[in-house]
Amino acid sequence: MGREVWPDIAFQDRIDSATFRVHHQAHIVVDSAICGDCSTRECIVACPANLFVPTSDGGILFNYEQCFECGTCYMVCNREGAISWDYPEGGFGVVYKRT
Ligand code: SF4
Ligand code: SF4
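Residues numbered from 1 in each chain as written. Chains lettered and ligands numbered in written order. Predicted model: local features only at pLDDT ≥ 70, side-chain atom pairs only at ≥ 80, totals over all residues. Heavy atoms only, no water.

Caption draft 1: Geometry of the overall build of the protein chain. Looking only at helices and strands, one finds four helices and six strands in the protein chain. Along its sequence from the N terminus, the protein chain presents helices and strands in the succession α-β-β-α-α-β-β-α-β-β. Sorting the 99 residues of the protein chain into buried and exposed places 30% on the buried side. In the protein chain, of all internal contacts separated by at least 6 residues, the share reaching a separation of at least 24 is 66%. Total accessible area computed for the protein chain in this model is approximately 6,900 Å², and 53% of it derives from carbon and sulfur atoms. Between the mean site of the 7 positive side-chain charges and the mean site of the 13 negative ones, the protein chain shows a separation of 9 Å. (Helix = DSSP H or I, 4+ residues; strand = E, 2+ residues; numbered from the N terminus. Buried < 20%, exposed > 50% of the residue type's maximum accessible area, 1.4 Å probe, protein only. Contact = heavy atoms within 4.5 Å. Areas by Shrake-Rupley, 256 points an atom, 1.4 Å probe, with all protein chains shown as cover. Lys, Arg positive; Asp, Glu negative; His and termini not counted. Charge placed at Lys NZ, Arg CZ, Asp CG, Glu CD.)

Caption draft 2: Region of the structure containing the nonpolar core. Counting 18 residues, the largest nonpolar core has V30, F52 and F62 as the members making the most contacts within it. Contributing elements (two or more residues each) for this core: β2 (28-30) and β4 (60-62). Residues in contact with F52, not counting those within four places in the same chain, are V30, C43, I44, C47, I60, L61, F62, C73 and I83. (Core = buried A, V, L, I, M, F, W, Y, C linked by side-chain atoms within 4.5 Å.)

Caption draft 3: Representation of the site of ligand 2 within the structure. Lining the immediate environment of ligand 2, one finds 14 residues, of which C47, C67, C70, G71 and C73 sit closest. When grouped by side-chain class, the residues that make up the shell around ligand 2 number eleven nonpolar, two polar and one charged. (Near = heavy atom within 4 Å. Nonpolar A, V, L, I, M, F, W, Y, C, P; charged D, E, K, R; others polar.)

Caption draft 4: Expanded view of unusual backbone geometry. Positioned with a positive phi, R41 is a non-glycine residue whose angle comes to about 50 degrees. Within the secondary structure layout, R41 lies in the loop between α2 (32-35) and α3 (42-46). Take R41: its relative accessible area is 17%, and that puts it in the buried class. In this structure, N50 takes a positive phi of about 55 degrees despite not being glycine. Summarising the element assignment, N50 is placed in the loop between α3 and β3 (52-54). Judged by relative accessible area, N50 falls into the exposed class, the value being 56%.

Caption draft 5: Region of the structure containing the packing of aromatic side chains. Considering all chains together, one arrives at three aromatic pairs under this definition. Considering the side-chain rings of W85 and Y87, the 4.8 Å spacing of their centres and the 80 degrees angle between planes classify their relative orientation as edge-to-face. Since its relative accessible area comes to 22%, W85 is described here as partly exposed. (Phe/Tyr/Trp six-rings, centres within 6.5 Å; stacked < 30°, edge-to-face > 60°.)

Caption draft 6: Looking closely at the site of ligand 1. Taken together, C35, C38, E42, C43, I60, C77, R79, A82 and I83 make up the full set of residues adjacent to ligand 1. Classifying every residue of the shell around ligand 1 gives seven nonpolar, no polar and two charged.

This is how it looks when you write it as structure tokens:
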């Protein structure tokens, strides 16, 4: 079987066309207690979906619903246990349009 070739479209267009089948259970959980003394906060700038929002008390507000499942937050965070990361259950999560 031949290799599938995805259409050559701009990154932003692919991101903008994504839809989400949201599971009731979060596939990523952020422990705000661990985030509390994190001074670097790489997740805020690294997440392409802007799902990490700093709160006035020094914590992090995180919503999993529109996650692109890229794994960037998990890669950039250097605090053990701050992010519990998994893929959503089968049939849920981000859906990228092919055209
Ligand atoms: S998720 Fe990681 S990088 Fe982001 S604020 Fe928490 S500890 Fe810091
Ligand atoms: S996996 Fe990607 S899109 Fe999802 S929260 Fe982490 S950085 Fe953001």
